[in-house]
Amino acid sequence: MISTKARYALRVMIDLALHEGQGYIPLKDIALRQSISEKYLESILKKLVAADMLKGLRGRGGGYTLVRPPKEYKIGEIIELTEGSFAPVACLMPGAEECPRSESCITLPLWKKFNAMTHDFFYQISLEDLIAGDF
């Protein structure tokens, strides 16, 4: 299940993509349009700024803006930033030790295929595609 934080992060990125070229968008404007509390939104924005997905500017005339064009943001990277890996089982997590049962695990191919399908689905869609409905 995709968490509220991931869904809100995606909504924020879409909001900023829709307002691209309008300079820095104030936190309060995004919060109002998206019906997200400013405090909760601030924690999401901090994470997006730390990951170099957004630029933030403090003070008068400040706010947030995308770092790259909307077509360069993949939905998967936004979701994984807030959720972590799409891996459905621990043995497929990045950096996981090889499972001692991997050679005999009948279900491993199922989990690998599901993992690849989920990853590929979300990484083939950009913010621009989502906004245009082209996916």
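Residues numbered from 1 in each chain as written. Predicted model: local features only at pLDDT ≥ 70, side-chain atom pairs only at ≥ 80, totals over all residues. Heavy atoms only, no water.

Asker: Explanation requested: the packing of aromatic side chains in the structure shown.
Answerer: Working definition: an aromatic ring pair is given by the centre-to-centre distance plus the angle between the planes. For the structure on display, the rule yields four aromatic pairs. Ring geometry for F86 versus Y123: centroids 6.5 Å apart, planes at 90°, classification edge-to-face. In this pair, F86 is assigned in the loop between helix 4 (75–83) and helix 5 (108–123) and Y123 in helix 5, connecting sequence segments 37 residues apart. Given a relative accessible area of 11%, F86 falls into the buried group. With relative accessibility at 25%, the residue Y123 sits in the partly exposed group. With 5.1 Å between their ring centres and 75° between their planes, F121 and F122 make a pair best called edge-to-face. In textbook terms, an aromatic cluster arises when at least three aromatic residues are bridged by ring pairs, as seen for F86, F121, F122 and Y123. Sitting above the plane of the Y73 ring, R68 keeps its charged end 4.1 Å from the centroid. (Phe/Tyr/Trp six-rings, centres within 6.5 Å; stacked < 30°, edge-to-face > 60°. Helix = DSSP H or I, 4+ residues; strand = E, 2+ residues; numbered from the N terminus. Buried < 20%, exposed > 50% of the residue type's maximum accessible area, 1.4 Å probe, protein only. Lys NZ or Arg CZ within 6 Å of the ring centre and 35° of its normal.)

Asker: Explanation requested: the state of the cysteines in the structure shown.
Answerer: The full count for this structure, using the stated rule, is zero disulfides. No disulfide involves C99; its nearest neighbouring cysteine sulfur is the one of C91, lying 5.6 Å away. No disulfide involves C105; its sulfur sits 6.5 Å from the nearest other cysteine sulfur, which is in C99. Take C105: its relative accessible area is 22%, and that puts it in the partly exposed class. (Disulfide = S-S within 2.5 Å.)

Any link to function would need more than the numbers given here.
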